[in-house]
Amino acid sequence: MKIFLDTANLESIKKFNDMGLLDGITTNPSLLSKEGGDPKNAMKEITKIIHGDVSLEVVSTEYSGMMEEGKRLRAYGENVVVKVPMTPDGLKACKSFSSQGIPVNVTLIFSANQALLAAKSGAKYVSPFIGRLDDIGQDGMNLIKEIKEIFSNYAFKTQILVASVRHPLHVIDAAKIGADVVTLPPDVLDKMLQHPLTKIGLDNFLADWEKLKQKNLDTKI
Ligand code: G3P
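Residues numbered from 1 in each chain as written. Predicted model: local features only at pLDDT ≥ 70, side-chain atom pairs only at ≥ 80, totals over all residues. Heavy atoms only, no water.

K.L.:
How should the overall build of the protein chain be read in this particular structure?
P.N.:
Tallying secondary structure elements over the protein chain gives 11 helices and 8 strands in all. For the protein chain, the C-alpha atoms occupy an extent of roughly 75 × 35 × 30 Å along the three principal directions. By the burial criterion, 46% of the 221 residues in the protein chain qualify as buried. Here the contacts in the protein chain between residues at least 6 apart in sequence split such that 56% fall between residues at least 24 apart. By element, 54% of the accessible surface of the protein chain is carried by carbon and sulfur atoms, the whole surface being about 11900 Å². Positive and negative charge centroids in the protein chain, built from 27 and 27 side chains respectively, lie 3 Å apart. (Helix = DSSP H or I, 4+ residues; strand = E, 2+ residues; numbered from the N terminus. Buried < 20%, exposed > 50% of the residue type's maximum accessible area, 1.4 Å probe, protein only. Contact = heavy atoms within 4.5 Å. Areas by Shrake-Rupley, 256 points an atom, 1.4 Å probe, with all protein chains shown as cover. Lys, Arg positive; Asp, Glu negative; His and termini not counted. Charge placed at Lys NZ, Arg CZ, Asp CG, Glu CD.)

K.L.:
Would you mind going over the site of the ligand with me for this structure?
P.N.:
Surrounding the ligand, one finds Asp 6, Asn 28, Phe 129, Arg 132, Ala 163, Ser 164, Arg 166 and Thr 183. Contacts to the ligand include Arg 132, whose side-chain N or O atom sits 2.6 Å from an oxygen atom. A distance of 2.8 Å separates an oxygen atom of the ligand from a polar side-chain atom of Arg 166. Summarising the interface, the protein chains cover 81% of the accessible area of the ligand, which totals 310 Å² for the free molecule. (Near = heavy atom within 4 Å. Polar contact = N/O pair within 3.5 Å; in protein donor to acceptor, adjacent residues only side chain to side chain.)

K.L.:
I tried to follow the layout of surface pockets on my own but got confused; where do I start?
P.N.:
Empty space among the atoms becomes apparent when a probe as large as a water molecule is rolled across them. Of the pockets and cavities examined, the largest pocket occupies roughly 370 Å³. Of all the secondary-structure elements, those providing two or more residues to the lining of the largest pocket are α2 (29-35) and α10 (186-193). Examining the composition of the lining of the largest pocket, we find that 4 residues originate from one element, α2, more than from any other. Split into classes, the residues belonging to the lining of the largest pocket amount to 8 nonpolar, 10 polar and 7 charged. (1 Å grid on protein atoms, 1.4 Å probe; cavity = no way out; pocket = protein on both sides within 12 Å on 5 of 7 lines; lining within 4 Å. Points joined across faces, edges and corners; volume = space filled by probe spheres on them. Nonpolar A, V, L, I, M, F, W, Y, C, P; charged D, E, K, R; others polar.)

K.L.:
I'm lost on the packing of aromatic side chains in this one. Help?
P.N.:
One pair of aromatic rings is described through two measures. These are the centre distance and the angle between the planes. Counted under the stated rule, the structure contains 4 aromatic pairs. A ring pair is formed by Phe 151 and Phe 156, whose centres lie 5.5 Å apart and whose planes are at 65 degrees; its orientation type is edge-to-face. Its relative accessible area of 5% is what places Phe 151 among the buried residues. Ring-pair connections join several aromatic residues into one group, and the members of that group are Phe 151, Tyr 154 and Phe 156. Its end group placed over the ring of Tyr 63, Lys 92 keeps NZ or CZ at 4.4 Å from the ring centre. (Phe/Tyr/Trp six-rings, centres within 6.5 Å; stacked < 30°, edge-to-face > 60°. Lys NZ or Arg CZ within 6 Å of the ring centre and 35° of its normal.)

K.L.:
What is the right way to look at the packing of helix α1 (residues 10-18) against α10 in this model?
P.N.:
Relative placement of two packed helices is described by the angle separating their axes and the distance separating the axes. Between α1 and α10, the least distance of the axes is 11 Å, while the angle of their chain directions is 30 degrees. Between α1 and α10, the crossing angle belongs to the class labelled roughly parallel. In this structure, α1 meets α10 at a crossing whose hand is left-handed. Across the interface between the two elements, Ser 12, Lys 15 and Phe 16 of α1 pack against Pro 186, Leu 189, Asp 190 and Leu 193 of α10. Classifying every residue of the contact of α1 with α10 by side-chain character gives 4 nonpolar, 1 polar and 2 charged. (Axes fitted to C-alpha atoms, helices over the stretch in contact; angles between N-to-C directions. Parallel < 35°, antiparallel > 145°, perpendicular 65-115°, else oblique. Left-handed = near helix turned anticlockwise from the far one by under 90°.)

K.L.:
Would you mind going over the nonpolar core with me for this structure?
P.N.:
One broad trend across soluble globular proteins is that nonpolar side chains are buried collectively. By size, the foremost hydrophobic cluster in this structure holds 55 residues, and its most contacted members are Val 106 and Val 162. Core analysis: the next-biggest nonpolar cluster, separate from the first, contains 5 residues, Phe 4, Val 81, Tyr 125 and Leu 161 among them. (Core = buried A, V, L, I, M, F, W, Y, C linked by side-chain atoms within 4.5 Å.)

K.L.:
Would you take a moment to explain the side chain of Thr 7 for this structure?
P.N.:
Examined against the element boundaries, Thr 7 turns out to sit in the loop between β1 (2-6) and α1. Here Thr 7 falls in the buried class, since its relative accessible area comes to 5%. Reaching out from Thr 7, the side chain makes a polar contact with the backbone nitrogen of Asn 9 at a distance of 3.0 Å. Ignoring any residue separated from it by four or fewer positions in sequence, one finds Thr 7 in contact with Ile 13, Ile 25, Thr 26, Thr 27, Leu 31, Glu 35, Ile 46 and Pro 186.

K.L.:
Any chance you could explain the sheet that holds β1 here in plain terms?
P.N.:
Sheet strands pair via backbone hydrogen bonds, and the direction of the pair is either parallel or antiparallel. The 8 strands are arranged β1-β2-β3-β4-β5-β6-β7-β8 in a closed barrel whose pairing can be described as parallel. Within this sheet the neighbouring strands show an average axis-to-axis angle of 30 degrees, counted without direction. Where β1 lies against strand β8 (residues 181-184), 4 bridges are found, and the strand directions are parallel. By the bridge assignment for β8, Ile 3 is matched with Val 182. Against the sheet, helix α8 (residues 140-153) contacts β5 (104-109), β6 (125-128) and β7 (159-162), and its axis sits at roughly 170 degrees relative to β7. (Pairing = 2+ DSSP bridges.)

Okay, here's the thing in structure tokens:
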């Protein structure tokens, strides 16, 4: 399963990229707005740091505007995936971009039917928002299961990019189902790295090593 980071924060992107954990990045207008700086500079910088796919989202709601914006976003880097919303105009733009060989991520997917239609339009990725479904009392992970089954039935090449991930358990469940990608907020990836027994174990190792020092033994490795 590929791991993308769901952020426009350059510091977090560099931090996790240096650990070799990132296969790509997803951004959206809210994430860019949250950072507060020049959004275009941030998007350009991200495409330079990350070699994998970087989803950059259009903000036009009609077809011709999406096409113009998508082409400008693609000029930032060969690794740019144009992100369009799950609307009739979004699917029309998806079809046009994908027939030109430009990869598309269809976002704001909340049903299996929407995912099926986005795949038919040629999307490279569909982004079901599982956390937001959980928020309204629907089972977000069940949507991932349904999409996985449908895509397998018809051998769609479209990849399932699990979005709106809120905690590490979402990641385990998505991996068990066989989702292609999870896009993670930095705090979820941080939590996945940690386990209290790892910290306790390391503290104990270091305390025991300290005992050797107190016997005046050479402990420099
Ligand atoms: O990738 C989509 C994500 O940014 C939305 O997450 O937590 O706002 O539902 P959230």
